Amino acid sequence: MIPKSHPRYESLMKREKIIEFFERGILAKAGLIAHGRGEAFDYIIGERTTEYALKSIKAAASLLILSKKPVISVNGNTIALAFNHVIELSKLLNCPIEVNLFYKTEERLRAIKKFFDENKEELEGIKINFGGSYIIPNLESNRRFVSEDFYYSDTVLVPLEDGDRAEALIKMGKKVITIDLNPLSRTSRVSTITIVDEITRAMPLLVRYVKTLSRKEAEDILKSYDNKKNLEDILKYMSERLAKLKL
Ligand code: PTJ
């Protein structure tokens, strides 16, 4: 057991969750690696929500509030780390959840269905899609098969995404919101709104702003939001922070 007094308690507990969901067959092997990459970027950021991340969280909440048909897409890592907040957000927005896996196997889908079944009370009233026969154009991976809800959505929240699909979704004319600790990833660069923050910190804040922002506030926030500028600001923040750090 990890003692609460351990200086890296939260980070270690997140690792425990990641391992647990890997052992349950929900998280992909590559999900372990992806988590490690995220941790490295989080170290550089200082393991806190920066003012730039907060700006993009508010913009993302605004976009979700103003969207007509939003969808939340989840993969293994998102289910492992942010399941409860995904549910809360889906209920607030009255929007479906799409399970969309990069490393798609029947075993993983079965493990995810079993996990959802164990949590069916929390999921009551939420529409969950496990893909379908609609195809995202310009995409080779397994991720191209989606449900009708996903295909006709106007905005998609796709945390911890791989770049190919984000790009294809933008080409389809969708607004893409991502949560990704790596500001240099292709997903981060092509998305409409990129939240450079750790998913377990970003999701509760996203829920909070979806709950509290008015439509008028949301419109004003979106008018002044510039994703490219925000990403540049984060990169600058990271490099300045590294330059100032002392042992
Ligand atoms: O469950 P699957 O099969 O759909 O696979 C999921 C992964 C994440 C393995 C797959 O989508 C993948 O390979 O993603 P990438 O290309 O590694 O991108 C994941 C991004 O998420 C990386 O840029 C990481 O830095 C970032 N990341 C990892 N953990 C976190 C994170 N961002 C926010 N919070 C995290 N906890």
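The shown structure was predicted, so the numbers you read here are calculated from the model rather than taken from an experiment.

Q: Is there a simple way to explain the packing of aromatic side chains in this structure?
A: For any pair of aromatic rings, the description rests on two quantities: the centre-to-centre distance and the angle between the ring planes. Applying the stated criterion across every chain yields a total of 10 aromatic pairs. Measuring from ring centre to ring centre gives 5.9 Å for Tyr134 and Tyr152, while their planes differ by 75°; the resulting arrangement is edge-to-face. One end of the pair, Tyr134, is in strand 4 (residues 134-135); the other, Tyr152, is in the loop between helix 6 (148-151) and strand 6 (155-157), with 18 residues separating them in the sequence. One aromatic cluster is present, formed by Phe21, Phe83, Phe115, Phe116 and Phe130 through successive ring pairs. Over the ring of Phe21 we find Arg24, and its NZ or CZ is 5.1 Å from the ring centre. Taking NZ or CZ as reference, Arg208 lies 5.9 Å from the ring centre of Tyr209, over its face.

Q: Would you explain the packing of helix 4 (residues 76-93) against helix 5 (residues 106-118) in this entry?
A: Helix-helix packing is characterised by the crossing angle of the two axes and by the distance between the axes. Interaxial distance between helix 4 and helix 5 falls to 12 Å at its minimum, and their mutual angle equals 20°. The pairing of helix 4 with helix 5 is recorded here as roughly parallel in orientation. Crossing angle aside, the handedness with which helix 4 passes helix 5 is left-handed. Packed against helix 4, whose contacting residues are Gly76, Ile79 and Phe83, the element helix 5 presents Arg108, Ile112, Phe115 and Phe116 at the interface.

Q: When you look at the site of the ligand in this model, what are you seeing that I'm missing?
A: Near the ligand lie 24 residues; those nearest to it are Phe102, Tyr103, Arg108, Asp180 and Glu198. In the model, an oxygen atom of the ligand is placed 3.1 Å from a nitrogen or oxygen of the Arg143 side chain. In this structure, Asp180 approaches the ligand through a side-chain N or O atom, which is 2.8 Å from an oxygen atom. Relative to its free-state accessible area of 740 Å², the ligand is covered by the protein chains to the extent of 93%. Those elements that place two or more of their residues in the shell around the ligand are helix 2 (29-45) and helix 4. Per element, the largest residue contribution to the shell around the ligand is 6 residues, and it comes from helix 2. When its residues are assigned to classes, the shell around the ligand shows 9 nonpolar, 8 polar and 7 charged.

Q: Which parts of the structure should I look at to understand the nonpolar core?
A: Nonpolar side chains in soluble globular proteins tend to end up buried together. Of all hydrophobic cores here, the largest spans 48 residues; its most connected members are Ile79, Leu89, Phe116, Leu157, Ile177, Met203 and Leu206. The biggest single contributor to this core is helix 4, with 9 residues. Not counting chain neighbours up to four residues away, the residues in contact with Leu206 comprise Ile57, Ala60, Ala61, Leu64, Leu89 and Leu157. Counting residues in each nonpolar core, the second largest holds 10 residues, with Ile136, Phe150, Val156 and Leu169 among its members.

Q: For this particular structure, what's the right way to read the sheet that holds strand 3 (residues 128-129)?
A: Two strands in a sheet stick together by hydrogen bonds in their backbones, pointing the same way (parallel) or opposite ways (antiparallel). An order of 3-2-1-6-7-8 is seen for the 6 strands of this open sheet, with the pairing classed as parallel. Edge positions in the sheet fall to strand 3 and strand 8 (193-195), since each has one partner strand and no second. Strand direction decides the pairing type here: strand 7 (residues 175-179) and strand 8, joined by 3 bridges, are parallel. Counterpart to Ile177 in the pairing with strand 8 is Ile193. The sheet contacts of helix 3 (residues 51-66) involve strand 1 (70-74), strand 6, strand 7 and strand 8, and relative to strand 8 the element is tilted by about 135°.

Q: Can you walk me through the pairing of strand 1 in this structure?
A: In terms of burial, strand 1 is largely enclosed, as 5 of its 5 residues are buried. Judged from the 3 bridges that link them, strand 1 and strand 6 form a sheet pairing that is parallel. Paired with Ile72 across the bridge in strand 6 is Leu157. Both strand 1 and strand 2 (residues 97-99) contribute to a ladder of 3 bridges, which runs parallel. Residue Val74 lies in a different strand from strand 2, and its bridge partner there is Val99. Handedness of the strand 1-helix 4-strand 2 crossover: right-handed.

Q: Help me understand unusual backbone geometry, please; the structure alone is not making it clear to me.
A: One can expect most non-glycine residues to show negative phi and most peptide bonds to be in trans. Positive phi, normally seen in glycine, also occurs at Asn94, with a value near 55°. Positionally, Asn94 belongs in the loop between helix 4 and strand 2. By relative accessible area, which is 69% here, Asn94 ends up exposed. For Leu160, which is not glycine, the phi torsion reads 50° and is therefore positive.

The rules behind the values
- Numbering of residues starts from 1 in every chain and runs along the sequence as written.
- In view of the model being predicted, local features appear only for residues whose pLDDT reaches at least 70, and side-chain atom pairs are presented and counted only at 80 or more, with totals across whole chains, interfaces and linings using the full set of residues.
- Heavy atoms from the whole structure form the basis of all side-chain values; hydrogens and water molecules are not counted.
- Under the pairing criterion, centres of Phe, Tyr and Trp rings, with the six-membered ring standing for Trp, must be within 6.5 Å; the plane angle then separates stacked pairs below 30 degrees from edge-to-face pairs above 60, leaving the rest tilted.
- Helix and strand assignments follow DSSP, with helices taken as H or I runs no shorter than four residues and strands as E runs no shorter than two, numbered in order from the N terminus.
- For a lysine, the NZ atom is tested; for an arginine, the CZ atom; a charge sits over a ring if that atom is within 6 Å of the ring centre and within 35 degrees of the ring normal.
- In this analysis, axes come from line fits to C-alpha atoms, helices being fitted only over the stretch in contact, and the angle between any two N-to-C directions falls in the range 0 to 180 degrees.
- Put simply, angles under 35 degrees are roughly parallel, angles over 145 are roughly antiparallel, angles from 65 to 115 are roughly perpendicular, and the rest are oblique.
- In this scheme the handedness of a crossing depends on how the near helix is turned from the far one: anticlockwise by less than a right angle means left-handed, clockwise means right-handed.
- Between two residues, a contact is recorded if the distance between any of their heavy atoms is within 4.5 Å.
- The nearness test applies per residue and asks whether one of its heavy atoms lies within 4 Å of the molecule or strand.
- Any pair of N or O atoms that falls within 3.5 Å is considered a polar contact. Within protein, one atom must be able to donate a hydrogen and the other to accept it, and sequence-neighbouring residues count only if both atoms are side-chain atoms.
- Per-residue and other accessible areas follow the Shrake-Rupley method at a 1.4 Å probe size, with only the shown protein chains counted as cover for residues.
- Nonpolar residues are Ala, Val, Leu, Ile, Met, Phe, Trp, Tyr, Cys and Pro. Charged residues are Asp, Glu, Lys and Arg, and all others, Gly as well, are polar.
- Among the buried residues, those of types Ala, Val, Leu, Ile, Met, Phe, Trp, Tyr and Cys that are joined through side-chain atoms within 4.5 Å form a nonpolar core.
- When a residue's accessible area, from a 1.4 Å probe over protein chains only, is under 20% of the maximum for its type it is buried; when over 50% it is exposed; and in between it is partly exposed.
- At least two bridges found by DSSP between two strands are what make those strands a pair.
- A right-handed crossover is one whose linking path, passing over the helix from the first strand to the second, runs clockwise when the strands point away from the viewer.

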